[in-house]
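For reference, the chains in residue letters:
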Amino acid sequence: MRAVRYHRHGGPEVFVCEEVPKPVPGVGEVLIKVEAAGVNYADTVRRHGDFYPVPTTFPAIPGREVGGEIVAVGPGVTAWNEGDRVFSTMDDGGYAQFAVAKEKKLIKAPDNLDLKLGVALIVQGLTAMMVQKDAARLAKGERILIQGAGGGVGSLSVQLAKLLGASLVIGVDASEEKRAFIAQQGADIALNYNDENWTEEVMAATDGKGVDVVQEMTGGKVFSDSLDCLAEFGRLVVYGFASREPVQINPEPLLPKNKMIRAFYLERYIDTRRPLVEAALAELADYVSSKQITVNIGGLFSLEEAGETHRLLEEQKSKGKLVILPWADETE
């Protein structure tokens, strides 16, 4: 089979498309023919060799989410069969024509959801949904500030926040082009955090009170500025650190107004809160099929173009979900 591999940490140029042996599922595992593999910012973090919860063993195949069909089941697997359409997260191995996934990571693909669209909902969609509904407990009538609102998670988050009844949705990203894109997603206010006065615009739009929820994935100064925009009893949920800039947190200013900072990591939800995750995916699929949510595909790429997807992410030029099609321009 063909797969993208990297043999050392570095820039996108370390990716090579190679012929490698097809993996064999072990105990509690299945083999998936990958129809679509999602590209995530976490993949770039791991490629660089920055902090990542799972160690990288070279040569490594990147990719932590796929959609496809089960073509083989390993020993001990009884709940899944060949031919089942599934989505799965994994530690790595997604940028390939076939990938092994653990049974406990599998999520049944709803019948009304195309796999290419659905792969945008596994990490990005579920993150948006779980952050807002579970981690932040966004309530109808509340105000929310969404960082990285022009990306895969962010663009879905803007749409979801409106569906969930937020009274004010403010989206922020790093360029005027993305600012226009955020407005197209339905944000009430779209801002560019490279403008020095963006926080002043947030406070003016909330009559000086701030927002009830901040959805934050940028880190560095943007994190600190976002925290300053948080209202009394507000909740800031961190699910990423795209800038790779460290943050020093002083909890003392949080006390007088009962502000809260909470972290979110999707993998633990999949491992420990499976019914909640499956219900969320079904809800997302219904939103997509009924056209209440638009899945923004920022581009479809071949395995050979995997490096380009990472360049687009790191240069903040991507809008929506980037998807790799391992079988593009090829027959079995």
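A brief structural summary. (Residues numbered from 1 in each chain as written. Predicted model: local features only at pLDDT ≥ 70, side-chain atom pairs only at ≥ 80, totals over all residues. Heavy atoms only, no water.)

**Observations regarding the pairing of strand S3 (residues 29-39)**
Within S3, 8 of the 11 residues are buried, which leaves the element mostly enclosed by the surrounding structure. Pairing analysis gives 7 bridges linking S3 to strand S4 (residues 65-73), with the strands arranged antiparallel. When the bridges of S4 are listed, Ile32 appears paired with Ile70. Note that S3 and strand S15 (residues 321-324) share 3 bridges and pair antiparallel. By the bridge assignment, Val39 is partnered in S15 with Leu322. (Buried < 20%, exposed > 50% of the residue type's maximum accessible area, 1.4 Å probe, protein only. Helix = DSSP H or I, 4+ residues; strand = E, 2+ residues; numbered from the N terminus. Pairing = 2+ DSSP bridges.)

**Topic: the nonpolar core**
By size, the foremost hydrophobic cluster in this structure holds 49 residues, and its most contacted members are Leu121, Leu126, Ile144, Val169, Phe264 and Leu281. Broken down by secondary-structure element, the contributors of at least two residues to this core are helix H2 (115-135), strand S8 (143-147), helix H3 (152-163), helix H7 (266-272) and helix H8 (274-289). Filtering out sequence-adjacent residues up to four positions away, Leu121 remains in contact with Leu113, Leu126, Leu156, Leu281, Leu284, Val288 and Val295. (Core = buried A, V, L, I, M, F, W, Y, C linked by side-chain atoms within 4.5 Å. Contact = heavy atoms within 4.5 Å.)

**Some remarks on the sheet that holds strand S11 (residues 211-216)**
What the 6 strands build is an open sheet, ordered S10-S9-S8-S11-S12-S13; its pairing is parallel. Looking at which strands have only one partner, the edges of the open sheet turn out to be strand S10 (189-192) and strand S13 (260-263). Averaged over neighbouring strand pairs, the angle between their axes works out to 15 degrees when direction is ignored. Sheet topology places strand S9 (residues 168-173) next to S10; 4 bridges connect them, and they run parallel. Paired with Val172 across the bridge in S10 is Leu191. (Axes fitted to C-alpha atoms, helices over the stretch in contact; angles between N-to-C directions.)

**Thoughts on helix H6 (residues 220-228)**
One full turn of an α-helix is made of 3.6 residues, so residues set three or four places apart face in the same direction. Within the sequence span of H6, burial applies to Gly220, Val222, Phe223, Asp225, Ser226 and Leu227. Against S8, helix H5 (198-205), S11, strand S12 (230-238) and S13 lie the buried residues of H6.

**Remarks on the packing of aromatic side chains**
Evaluation of the coordinates by the stated rule reveals 5 aromatic pairs. Ring centres 5.6 Å apart and planes at 70 degrees place the aromatic pair Tyr6 and Phe15 in the edge-to-face group. Looking at Tyr6, the relative accessible area reads 2%, which means it is buried. You can call Phe15 buried: its relative accessible area is 11%. An aromatic cluster is built from Tyr6, Phe15, Phe58 and Tyr95, whose rings are joined through pairwise contacts. Geometry around Phe98 places Lys22 over its ring, the cationic atom sitting 4.2 Å from the centre. Positioned above the aromatic ring of Tyr269, the side-chain terminus of Arg273 is 5.1 Å from the ring centre. (Phe/Tyr/Trp six-rings, centres within 6.5 Å; stacked < 30°, edge-to-face > 60°. Lys NZ or Arg CZ within 6 Å of the ring centre and 35° of its normal.)

**Quick word on the side chain of Arg235**
Here Arg235 is to be found in strand S12. With relative accessibility at 13%, the residue Arg235 sits in the buried group. At 2.8 Å, the side chain of Arg235 forms a polar contact with the side chain of Glu142. In this structure Arg235 touches Ala136, Arg137, Leu138, Glu142, Asp212, Val213, Val214, Leu230 and Met260, once residues within four positions along its chain are discounted. (Polar contact = N/O pair within 3.5 Å; in protein donor to acceptor, adjacent residues only side chain to side chain.)

Read these as spatial facts, not as claims about activity.
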